[in-house]
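Next come the chains, spelled out residue by residue.
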Amino acid sequence: MKISYNWLKEYLDFNISPKEIGEVLTDCGLEVEEIKTFESISGGLEGIVIGEIKELIKHSNAEKLSITKVDVGEIDLLQIVCGASNIKVGQKVAVALIGSTINHINGEKLNIKKAKIKGVESFGMICAEDELGLGMNHEGILELPPDVKIGTNASDYYKIERDFVFEIGLTPNRGDANSHIGVARDLYAALNINSNTNVKFTKPDLSGFKIDNTNRTISVEVLDSVACPRYSGITISNVTIKESPDWLKNKLKAIGVRSINNVVDITNYLLHEYGQPLHAFDADKIRGSKIVVRQEKQNTSFKTLDGNEIKLNADDLIICDAIGGMCIAGVYGGFESGINSETTKNIFLESAYFNPTTIRKTSISHNLRTDAALHFEKACDPNITVDVLKRAAILIKEIAGGEISSEIIDVYPNPIEGFRFSISYDRIMQLSGFPIEKEIIKKILNYLEVIIEKEESGRLDILVPAFKNDVRREADIVEEILRIYGYNNIELTDELSSAYLPKINFNHYYFKQFETSKLLSGNGFQEIICNSLTNLSELKNYFEPSNNVTVLNSKSVDLDTLRRSLLISGLEAISFNIKHKHSNLKFFEFGKVYEKVNSDLKEERILSLMITGNINEESWYSKNKNADLFKLLSIIKKILTKHGIEYTIIKVANSLFHYCLELRDKSNNVLGIVGLVTDDLNNKYDIKKEVFYAELNWDIILSLKGKLSVYKEIVKFPEVRRDLSLIIDKKVTYDEIKCLIFEKSDKLIKELNIFDIYESESLGIGKKSYSLSVILQSDMKTLTVEDIDKVMNNLINKLELKLNATIRK
């Protein structure tokens, strides 16, 4: 949910920075995930000034180019090469100075630098309308009125509006905060309780509402008062459908809503102001001058506003006229009844309260996830429909003209008053765990519009307003009090009782995961938790679409498929961090992957690891070392060794990786893979660095009974190292050498390591050289030279016999 800082200031008289407001909102339960800067024109026209063309000559080396001298209010004229055909001396133009950035209407950005064009130096750019993001015109440079003062900043001339927009992660139960007024209510309470301010909360003035005549009354009949408890409407005649004024377009643009026309924009504006969806019908298309709210028969055809034909369900609530359906109630408009800028002169404005369950079922069934539906299904305030109609009528008359030509129709047979219950101060203290002053409790309830109907004998009889549909129990009202009081203001005692500590019984799965997480954290990895839903539509070359598990009635086309690999969400996390200047990354995630195999659905638990950038912190005493496959393999080895699992490594082909290694246990089960991600896949996520990825099948690892770690006393006798250099065939792997040495080997050999690999034609065709270190140690005595030589000679004989190795002397 997007909330505008400037918009909030229209209701609350505060003088606090956006950052501080974001912290207050988060503290009171409206988590601010991000604060973005908004400018009515992208880039704010920074570095763009008004200039005048003083001189103009043709470029000697380019027929279509001109060399100009431009006065931008500085001592010297600027020489700028320009290719526009409409340029002439005396024009007032918009000039982008060196060092500025222009933001094209298509989203592209261009940094302005000193340039040499066909041998002539150019010190800026004379801009067209589309290059400044002001419109679509690119037929020539933008020509400004002759009375504009030279040197004026373009941002001042165009009166750039600046705002800050809060991206709030609204939880599903907080329908009461699903609007600017709803957020302002919480902010009003939190600021007055927790800061030394006296903030006033001013809601829109409705006193200007006046009915002009009743010449265009449209009757309303509601046949299902359960699905539609309240239906309000009003008629406005002789309106002019046109473009909205800049202030309205900018308010909507700031929160990501596209401007359509003045009437539709007003309904969208009020949706985000009050949280109350409105729908505007062309009144001349309402046959019989009558609205009927009812259901249609199963599979009745309905043509939506965007021209699509759908089949209605028998329980879909439909807004009909005297003949047939015009609109799917609370979800989507119909094709015939919409507002048309050329023909619409009279409108009927609907403001209703629909049953949240009804709207959600219809919206999901037809996959019509509109803003209106999302608001209705969170439950709107049933008692503001008329107020919002009045506010809409005032704005429409102001912006679109016309007159209010009917009384307000309000069908509300069973008013929804709210929820009453009683709670004592003692109970509030018991549930909160500490005392809160009675006056503060009453102030918080008052600020949140919870009515205290009676206070007697330490008890409060309260009426919770209908818009707070999630507050129904004592614990709920205490939660409301605490979030405004501020959890950070709760004093912690110095005492700790074991009674407050939860008893956790770690099962096999969680114990292994917990131990592995500790190991990875100790090695510099950070845990990420990503969404299981993703979009694989552009990854068909990597994941066969027929094996994807798709989600029915997905809320977003970008999140319509259960992930097949943790790699994709991991790449998204890496891309996000790199764009935020964090380029040295080590991530791990425990998650699930999903795949359709024939008609069955397969679900597996996976541990993924990813590294990119430098593997050590930047420092004066150590050189940067780039991440590589061996670093990742060393971490995998630590994990599997910790759980007592022996494994082998083989090279395999995998379309996701430049090269890929597969890990297998003794029973040939695939434990996981390790590889270098392909450049093509990295480019899809705008990643320019090498990314190394590994994943382990956690279900298989959990099923294996690894060797238990057994305590051994430290050997008191010294170890001995012997180095061995041998020439072998290139096809022989280190794993084969290791298996050969430790298979039925002398128990004196404790460790084997490879410290050098050398390849050269001088060794022979198809040959390579390995340098090995062998660690020998006895548990019983200090080894003699004879003991050591005996072991090494046996080892050499075995290598020569089994691997055809040549020992380098």
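Just above, that's the structure.
Here the structure is a predicted model, which is why all the values come from computation and not from measurement.

A. Layout of the layout of surface pockets. Approximately 2000 Å³ is the volume attributed to the largest pocket. Contributing to the lining of the largest pocket are 39 residues, with Y647, I649, Y734, D735 and K738 lying nearest its centre. Mapped by element, the contributors of at least two residues to the lining of the largest pocket are α15 (629-642), β35 (648-652), β36 (657-664), α18 (734-742), β40 (749-758) and β41 (767-776). The element that contributes the greatest number of residues to the lining of the largest pocket is α15, accounting for eight residues. Taken together, the residues of the lining of the largest pocket break down into 19 nonpolar, seven polar and 13 charged.

B. Spotlight on the sheet that holds strand β1 (residues 2-4). Here three strands make up an open sheet; going across it, the order is β1-β13-β2 and the pairing antiparallel. Where the open sheet ends on each side, the last strands, each with one partner, are β1 and β2 (32-39). Mean inter-strand twist for the sheet, computed between neighbouring axes without regard to direction, equals 30°. With seven bridges joining them, β2 and strand β13 (residues 162-168) adopt antiparallel strand pairing. Bridge pairing links T37 to F164 in β13.

C. Structural context of the sheet that holds strand β39 (residues 720-729). Read from one edge to the other, the open sheet built from four strands follows the order β40-β41-β39-β42, with strand pairing classed as antiparallel. The two strands at the open ends of the sheet, each matched to only one other strand, are β40 and β42 (806-807). Against the sheet, α18 makes contact with β39, β40 and β41, and its axis sits at roughly 155° relative to β40, the strand it touches most. Helix α19 (residues 785-803) rests against β39, β40, β41 and β42 of the sheet, and its axis sits at about 15° to β39.

D. Molecular detail of the pairing of strand β16 (residues 278-282). Burial analysis of β16 places five of its five residues in the buried class, the great majority of the element. Because side chains alternate across β16, one face comprises the buried residues L278, A280 and D282, and the other comprises H279 and F281, equally buried. Pairing analysis gives five bridges linking β16 to strand β23 (residues 347-353), with the strands arranged antiparallel. Bridged to H279 within β23 is E350.

E. Main features of the packing of helix α10 (residues 425-432) against helix α12 (residues 474-485). Contact geometry of α10 with α12 gives a least axis separation of 10 Å together with a crossing angle of 75°. Viewed along their axes, α10 and α12 adopt a mutual orientation that is roughly perpendicular. Residue-level contacts link R427, I428, L431 and S432 of α10 to E474, A475, V478, I481 and L482 of α12. When the residues that make up the contact of α10 with α12 are grouped by side-chain class, the tally is six nonpolar, one polar and two charged.

F. Main features of the packing of aromatic side chains. Applying the stated criterion to the full structure yields 15 aromatic pairs. When the ring of Y188 is compared with that of F201, the centres are 5.3 Å apart and the planes differ by 45°; the resulting orientation is tilted. On the criterion of sequence distance, the pair formed by Y188 in helix α4 (residues 180-194) and F201 in the loop between α4 and β14 (219-222) is long-range, its members being 13 residues apart. Here F354 and F376 contribute two aromatic rings whose centre-to-centre distance is 5.1 Å and whose plane-to-plane angle is 65°, an arrangement assigned as edge-to-face. Separated by 22 residues along the polypeptide, F354 in the loop between β23 and α7 (356-365) and F376 in helix α8 (residues 371-377) bring together distant segments of the chain. For F354, a relative accessible area of 0% translates into the label buried. Taken together, the ring pairs in this structure connect Y5, F14, F164 and F166 into an aromatic cluster. Taking NZ or CZ as reference, R185 lies 4.1 Å from the ring centre of F467, over its face.

G. Spatial organisation of the state of the cysteines. This model, assessed by the stated rule, comprises zero disulfides. Distance from the sulfur of C660, which forms no disulfide, to the nearest cysteine sulfur (C739) is 20 Å. You can call C660 buried: its relative accessible area is 2%.

H. Structural context of the pattern of salt bridges. If you walk through the whole model with that rule in mind, you get 51 salt bridges. Between E455 and K442 there is a salt bridge, and its shortest N-O distance comes to 3.1 Å. Placement of the pair is E455 in strand β27 (residues 451-456) and K442 in helix α11 (residues 438-447), with a sequence separation of 13 residues. Among the ionic pairs, E759 bridges to K730, the shortest N-O distance being 3.7 Å. With E759 in the loop between β40 and β41 and K730 in the loop between β39 and α18, this pair connects stretches of sequence that are 29 residues apart. Judged by relative accessible area, K730 falls into the partly exposed class, the value being 44%. One continuous salt-bridge network, built from bridges that share partners, spans R174, D176, D186, K468, E480 and R483.

Conventions and cut-offs
- Residues numbered from 1 in each chain as written.
- Predicted model: local features only at pLDDT ≥ 70, side-chain atom pairs only at ≥ 80, totals over all residues.
- Heavy atoms only, no water.
- 1 Å grid on protein atoms, 1.4 Å probe; cavity = no way out; pocket = protein on both sides within 12 Å on 5 of 7 lines; lining within 4 Å.
- Points joined across faces, edges and corners; volume = space filled by probe spheres on them.
- Helix = DSSP H or I, 4+ residues; strand = E, 2+ residues; numbered from the N terminus.
- Nonpolar A, V, L, I, M, F, W, Y, C, P; charged D, E, K, R; others polar.
- Pairing = 2+ DSSP bridges.
- Axes fitted to C-alpha atoms, helices over the stretch in contact; angles between N-to-C directions.
- Contact = heavy atoms within 4.5 Å.
- Buried < 20%, exposed > 50% of the residue type's maximum accessible area, 1.4 Å probe, protein only.
- Parallel < 35°, antiparallel > 145°, perpendicular 65-115°, else oblique.
- Phe/Tyr/Trp six-rings, centres within 6.5 Å; stacked < 30°, edge-to-face > 60°.
- Lys NZ or Arg CZ within 6 Å of the ring centre and 35° of its normal.
- Disulfide = S-S within 2.5 Å.
- Salt bridge = Lys/Arg side-chain N within 4 Å of Asp/Glu carboxyl O.

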